[in-house]
Amino acid sequence: MDSLSFKDFLKPRPAPTGIDVLCKLQHFAIITYAVDASKFAGLFPARFKLDTVMIDGAEKGLVSVVPFIDVDFTSAVYPFPKYTMGQTNYRIYIIDKETGERCVWFLGTTLDSWTRIVPSMLWKLPWYSGKVVFDCDYDQSQGVYRRYKMHTTAHWAPASVELMQQKDVPIELPGFPDTETGLVYLTHPLTGFYYRRDGRLGTYSVWHKELRVCSAILKSASFGLLSRLGLVSDAEQQKPHSVLVEPVNEFTIYLPPKVLKASPEHA
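Residues numbered from 1 in each chain as written. Predicted model: local features only at pLDDT ≥ 70, side-chain atom pairs only at ≥ 80, totals over all residues. Heavy atoms only, no water.

Novice: So what's going on with the sheet that holds strand β14 (residues 217-223)? Residues and values would help.
Specialist: The four strands lie next to each other as β8-β9-β10-β14, forming an open sheet whose pairing is antiparallel. A strand with exactly one partner marks an edge of an open sheet, and here the two such strands are β8 (131-139) and β14. Strand-to-strand twist of the sheet, defined as the mean angle between neighbouring strand axes without regard to direction, takes the value 0°. Bridging between strand β10 (residues 159-164) and β14 involves six bridges; their strand directions are antiparallel. Its bridge partner lying in β14, L163 is registered against L218. (Pairing = 2+ DSSP bridges. Helix = DSSP H or I, 4+ residues; strand = E, 2+ residues; numbered from the N terminus. Axes fitted to C-alpha atoms, helices over the stretch in contact; angles between N-to-C directions.)

Novice: Outline the packing of aromatic side chains, listing residues and values.
Specialist: Scanning the entire structure with this criterion turns up 16 aromatic pairs. Between Y90 and W156, the aromatic rings sit 5.8 Å apart at their centres with planes inclined by 90°, giving edge-to-face as the arrangement. Placement of Y90 in strand β5 (residues 83-96) and of W156 in the loop between β9 (144-153) and β10 is noted, with a sequence separation of 66 residues between them. Assigned by exposure class, Y90 and W156 land together as buried. (Phe/Tyr/Trp six-rings, centres within 6.5 Å; stacked < 30°, edge-to-face > 60°. Buried < 20%, exposed > 50% of the residue type's maximum accessible area, 1.4 Å probe, protein only.)

Novice: Would you mind going over the pairing of β9 in detail, with residue names and values included?
Specialist: Bridging between β8 and β9 involves nine bridges; their strand directions are antiparallel. In the sheet register, K131 faces β9, and the bridge partner there is T153. With antiparallel pairing between neighbouring strands as the criterion, β8 and β9 make up a hairpin whose turn holds four residues, including G143 at a positive phi of roughly 70°. Strand direction decides the pairing type here: β9 and β10, joined by five bridges, are antiparallel. Bridge pairing links K149 to E162 in β10.

Novice: Before we move on, can you summarise the nonpolar core with the specific residues and values?
Specialist: Judged by nonpolar contacts, the single largest core of 43 residues is most densely connected at Y33, Y90, I92, W105 and F223. With 37 residues, the next largest nonpolar core counts F68, V184, L190 and I253 among its residues. (Core = buried A, V, L, I, M, F, W, Y, C linked by side-chain atoms within 4.5 Å.)

Structure, rendered in structure tokens:
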């Protein structure tokens, strides 16, 4: 893999319009697993290819579990009520062969809010209900989490994770030529694709500044979706590729999502 630099990927924020959303993401974590490339067959259309890395001489794809709390979820344009809700995204790192862009394939999302019904019904987003509970203690003076626990009770994707942090632990990202390349790859895809609930191909985009993530250590994890799909076994879930955390950041989400005209073809 060639080296990647944030200077080539950081762009000015497109001005929000219409129903675009602004939200802060609290207790943001990216728990990533390196998986044999063959296990991703059939999960996304032929328009995309897996964005692989070589680890110990084997070709691997990366899948991340991304839990956080949406804080002050509101309109980016108009006065609007603010919502707070727990959320977890499940995403695979891919390349759009039509544009060459590095992006992500969303397997889906669990969301702890009645507001999930609107995008799920209106835009057919693969968002599923779940009761999400965070139990976190962040030490601002030390810049580390004393405690980070998340538990999701859900039918589609039950989950639990516990992390720990130590001060000034360097970030290690196997398979990448340098740390910055790995961080661009893992933290800065701005376009996502997914299968809608009606089977059509959907996409939407986000914008954010460079994320200031730090390294964390996984104490335990249980992600029912990854087990059910046969991507990462229960035992393998205890050995992540990497764990990154940031106490809070801010995203702009550009809506409504788009429906792509071409009928999706399985890879």
